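Topology and contacts: notes
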Amino acid sequence: MSIVEPVPARPRRVILWDVDGTLMSAGPIGRDAFFAGASEALGRELRDDGSVQMSGKTDPLIAMEILEHAGLHGDDARAVLPDVLEGLTRNLDRGAGRIPREGQLHAGVGEVLARLDAEPDVVQTVVSGNLGVNARIKVGAFGLERFLDMEVGAYGSDDSDRD
């Protein structure tokens, strides 16, 4: 009698992608949706003077910074934060058609995602400061969701602290 040893399973690899600045750029709709959402939540128009830096932050932190620039701090800002984030998502979704027109898919991204998607041991997902729904809107605008397992990603909606 011979003993057949099982062939060890090939380890799975997980590739983590950021959305904005790595896979793509959404164009001005990202900023526009933030300020529209905050304006709706506060019942007054907020103008984007460019002083709020968005890169490297989670959506909740960006929203809090916008609220602080609008004069709301601490508990007052936290009280309207859910309404701002809902407005952000609503306005981003409404303007999703602008993303492929005014933004851009970064060079080679589609090809790299497709090549990795063809590898049976590779799982690709997103780790992003975007709320999960907003990340889906953005990658969906370029048809990238077919390559990404968005369920296993991590998002700004999971925790406002990006770390």
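Residues numbered from 1 in each chain as written. Predicted model: local features only at pLDDT ≥ 70, side-chain atom pairs only at ≥ 80, totals over all residues. Heavy atoms only, no water.

Below, the discussion takes up the pattern of salt bridges. Taken as a whole and judged by the stated rule, the model has ten salt bridges. Here K138 ties to D20 by a salt bridge, and the two come within 2.9 Å at their closest N and O atoms. A residue pair is termed long-range when its members are at least 10 positions apart, and K138 in helix 6 (residues 132-141) and D20 in the loop between strand 1 (13-17) and strand 2 (24-25) qualify at 118 residues. Residue class for K138 comes out buried when judged on its relative accessible area of 8%. Here E40 makes a salt bridge to R90, at a shortest N to O gap of 2.8 Å. Taken together, the residues span a long stretch of sequence, with E40 in helix 1 (residues 29-42) and R90 in helix 3 (residues 74-94) at a distance of 50 residues. Each of D32, R98 and E102 takes part in one network of salt bridges that share partners. (Salt bridge = Lys/Arg side-chain N within 4 Å of Asp/Glu carboxyl O. Helix = DSSP H or I, 4+ residues; strand = E, 2+ residues; numbered from the N terminus. Buried < 20%, exposed > 50% of the residue type's maximum accessible area, 1.4 Å probe, protein only.)

Look at helix 1 against helix 3: their axes get within 7 Å of each other, and the N-to-C directions meet at 135°. By the angle class used here, helix 1 and helix 3 are oblique. Viewed along their axes, helix 1 and helix 3 form a crossing whose handedness is right-handed. Residue-level inspection shows I29, G30, A33, F34, A36, G37, A38, E40, A41 and L42 of helix 1 in contact with helix 3, the latter providing V80, D83, V84, G87, L88, R90, N91, L92 and R94. (Axes fitted to C-alpha atoms, helices over the stretch in contact; angles between N-to-C directions. Parallel < 35°, antiparallel > 145°, perpendicular 65-115°, else oblique. Left-handed = near helix turned anticlockwise from the far one by under 90°. Contact = heavy atoms within 4.5 Å.)

So, on to the nonpolar core. Counting 44 residues, the largest nonpolar core has L23, F34, I66, I99, L113, L144 and L148 as the members making the most contacts within it. If you list the elements that add at least two residues to this core, you get helix 1, helix 2 (59-69), helix 3, helix 5 (109-117), strand 4 (122-126) and helix 6. At seven residues, the largest contribution of residues to this core is made by helix 3. Not counting residues within four places of it along the chain, the set of residues in contact with L144 comprises L23, L105, V109, L113 and V139. (Core = buried A, V, L, I, M, F, W, Y, C linked by side-chain atoms within 4.5 Å.)

What follows is about a nonpolar patch on the surface. Taken together, V14, L16 and V127 make up a surface patch of nonpolar side chains, about 260 Å² in accessible area. Look at L16 and you get exposed, because its relative accessible area is 55%. (Patch = residues over 30% accessible without salt bridge, like charges linked within 9 Å, V, L, I, M, F, W, Y side chains within 5 Å. Areas by Shrake-Rupley, 256 points an atom, 1.4 Å probe, with all protein chains shown as cover.)

Below, the discussion takes up the packing of helix 2 against helix 3. At a closest axis distance of 9 Å, the pairing of helix 2 and helix 3 adopts a crossing angle of 120°. Between helix 2 and helix 3, the interaxial angle falls into the category oblique. In terms of crossing hand, the pair formed by helix 2 and helix 3 is right-handed. Contacts between helix 2 and helix 3 pair D59, P60, A63, M64 and L67 from the former with G74, A77, R78, V80, L81, V84, L85 and L88 from the latter. By residue class, the composition of the contact of helix 2 with helix 3 is ten nonpolar, one polar and two charged. (Nonpolar A, V, L, I, M, F, W, Y, C, P; charged D, E, K, R; others polar.)

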